[in-house]
Amino acid sequence: MKAPKRISLLLFSLLLASFFSASVNTNTAQAVLPNSCPFPIVVGDETERALALTELNRLRFDLFTTPPLNIFELPQYSKEAQAHSNYLQNNSDDVTVDPTTEDSANPCYSNEGKTGATYGIIRPGQPWLGAKNNASNLKEGVINTMGSIYDRLYLLDPRLEALGLGIANNRSDDAKIVFNAKRFERRWVNALTPTYPLIFPEANTIVPPQINPVGSDRGVPLQMSEGEYPNPLVSLGLNYPTGYPISVMFNPNVPVSVLSISIKNKLTNADIDIKTILPGDSKYPSGLGNTLTVIPTNPLAPNTTYRVDLNYQDSGFVYNRPWEFTTVVIPTLIPTTPPIPVPTPTPGVPGFPTPPPVSPAPVGGGFFNLVRSDATNGLFFRQWQRADEPVLLGRASRSWTFGEQPYGFATLLEPYAGINRIVNYHDKARMEAVTSTSGNISNGLLVREMISGFAQVGDNNFIPRVPAQIAIAGDVTETNIKAPTYYSFFNIASLNNDRRVPNQIGQTVVATISKEGVVNINPGTGAYNVINTYYDNNLGHNIPQVFWNYMNQSGTINIGGGYTYGQVVDWLSVFGLPLTDAYWARAVVGGVEKDVLVQLFERRVLTFTPQNPDPFKVEMGNVGRHYVKWRYNINY
């Protein structure tokens, strides 16, 4: 998908068959290309494609909000895209090779690849003609493409309905990516075909302009992507780096005159120096020329809101279109400030029966052998996507449910009931499935195992080890010497439907626990005003309101690629039953010793740190990482 006299920069041949519907089978037999090509046509990992598709549809969701014009993957498109990616992987370092076609005399030539080249947005990666790719996977490729001037228009065009994705040399600095977008199936609305949704209704115009970055968008990158070929900045007298480009796509059938365009820093009202490419310019791709492109001559400032003011004319009518967008926040080191005053702890007053010192734990076998899995389960991604993708993409402000990695930090095979089942370890949990195609997944009872010291290898089979002496909250154990560990709860937790606590709904939580497992009362913690609000009759434990609200919170979630508002998780399946009440502990957090409220559930650990900013006062402990350390003696 490229203009006749222009080579697009993406090596992604995107053919997106709705990742939510029947998507391409990642286990498809590998068809070897002609000329002894070492790279088989395999459309790639489902997760890889799903993340790229989600990111692209997120941007289009922002742009075309009612309804979202989601793009779908077509298997044949992806096969063509992948074939051309393979061709480029074997040929693109040769500067004599034209990346927009395929030569039958070269290795890895194929009919599918030639089609992928014809309709592909191509980012071949270094050192091809000195181009700079800046993308090592498909999602990065989408983001990289959206920061271009011309290539982005193919992906933003509202008529685009189907795509294909291809990548070779994945996860490298030299990834070959192709987006294959060869079919424009949606039609612009007109008097005879009123089917196109009017996203920005305005009088006397049929197709409103489509804008990117969209109004009220947050997290906009600071500068344009490098690597588009030929370099679109040369004719503008600019050099990299420049600011992130702005595109305004008008009805392709109605000539437009741009009367004025300006960008201002909203806070200072200062004008931003810009260059423009006006509608009708010959450098635009065929069919996408009725577009206004605005390029700030310098990179934008981080965490800054900009106001764009556009005046244009079509069909004799003059329109004004103002909108705003905000750039991404760049993390900075925060200067040291005086600590926030907290209640002064007072000596513990015996309130609960004080347990004896931690008793000897079950003595058992050593560490397990770690076996990696070459496959995973698509439902793992969808469970993560529901809760944590909105957090990752800035659509929801809450702490992680699983972690920022869609498939966690490790995919392993673990013995269970006579088979090796697939598990994904996330920061906060472990997802489990019998096979890669299992229709049911669960979250492991990791906390129960680490307290008891028994590793579960079947419904009723356990291997004795020792309880985990790993700090359940705060910094790593080695620098967090006062924090209680899983071992500390060995005599406290209800591991056998025992050690029940009376119903204390309405009472303030002032119980404390030490690393040695000793329970006391600290009235000073009452100043935090943490009140028990729910009593679980199953094992007999109270849950304070700060945790109960978190467990039952609603917010923005992603179901099948679409954003909606709903309950983030089903608390019982995600957390399991409470094994303990909530206790105050002293833990080192970010190098500072603090009061932290902790409560252990079968599957998760919850912490409440009063000094944290909202909405991160309540967080889940890194149970998944702790368990891997306990089971395999490996730090992830």
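Structural data are supplied above this passage.
Throughout what follows, the structure given in this document is the object of discussion. (Residues numbered from 1 in each chain as written. Predicted model: local features only at pLDDT ≥ 70, side-chain atom pairs only at ≥ 80, totals over all residues. Heavy atoms only, no water.)

**Topic: the overall build of the protein**
When helices and strands are counted, the protein shows 10 helices and 28 strands. Burial analysis of the protein (636 residues in total) assigns 54% to the buried set. Here the contacts in the protein between residues at least 6 apart in sequence split such that 68% fall between residues at least 24 apart. Of the roughly 26,400 Å² of accessible surface on the protein, a fraction of 53% belongs to carbon and sulfur atoms. (Helix = DSSP H or I, 4+ residues; strand = E, 2+ residues; numbered from the N terminus. Buried < 20%, exposed > 50% of the residue type's maximum accessible area, 1.4 Å probe, protein only. Contact = heavy atoms within 4.5 Å. Areas by Shrake-Rupley, 256 points an atom, 1.4 Å probe, with all protein chains shown as cover.)

**A look at the sheet that holds strand β10 (residues 291-296)**
Pairing in this open sheet of four strands is antiparallel, and the strands run β5-β7-β10-β9 from one edge to the other. Either end of the sheet is taken by a strand with one partner, and the two such strands are β5 (210-212) and β9 (274-277). Going across the sheet, the axis of each strand differs from the next one's by a mean of 15°, ignoring polarity. Of the pairings in the sheet, the one linking β5 to strand β7 (residues 246-249) comprises three bridges and is antiparallel in character. Residue pairing across strands places Gln210 opposite Met249, the latter belonging to β7. (Pairing = 2+ DSSP bridges. Axes fitted to C-alpha atoms, helices over the stretch in contact; angles between N-to-C directions.)

**Digging into the sheet that holds strand β16 (residues 442-443)**
Sheet strands line up and pair through hydrogen bonds in the backbone, either parallel or antiparallel. Within the open sheet, the four strands sit side by side as β13-β14-β15-β16. Their pairing is antiparallel. The two strands at the open ends of the sheet, each matched to only one other strand, are β13 (410-416) and β16. Strand direction decides the pairing type here: β13 and strand β14 (residues 419-425), joined by seven bridges, are antiparallel. Bridge assignment links Leu412 to a residue of β14, and that residue is Val423. Against the sheet, helix α6 (residues 378-392) touches β14, β15 (430-433) and β16, its axis set at about 145° to β15.

**Looking at the packing of helix α2 (residues 75-91) against helix α3 (residues 111-119)**
When two helices pack together, their arrangement is given by the angle between the helix axes and the distance between those axes. It is at 7 Å that the axes of α2 and α3 come closest, and there the two elements cross at 95°. By the angle between their directions, the pair α2 and α3 is classed as roughly perpendicular. Where α2 abuts α3, its residues Gln76, Lys79, Glu80, Ala83 and His84 lie against Glu112, Gly113, Thr115, Gly116 and Ala117. Among the residues making up the contact of α2 with α3, the classes are represented as two nonpolar, five polar and three charged. (Parallel < 35°, antiparallel > 145°, perpendicular 65-115°, else oblique. Nonpolar A, V, L, I, M, F, W, Y, C, P; charged D, E, K, R; others polar.)

**Some remarks on the environment of Glu161**
Here Glu161 lies in strand β3 (residues 160-168). Take Glu161: its relative accessible area is 23%, and that puts it in the partly exposed class. With 90 residues separating them along the chain, Glu161 and Ile71 place their C-alpha atoms 5.0 Å apart.

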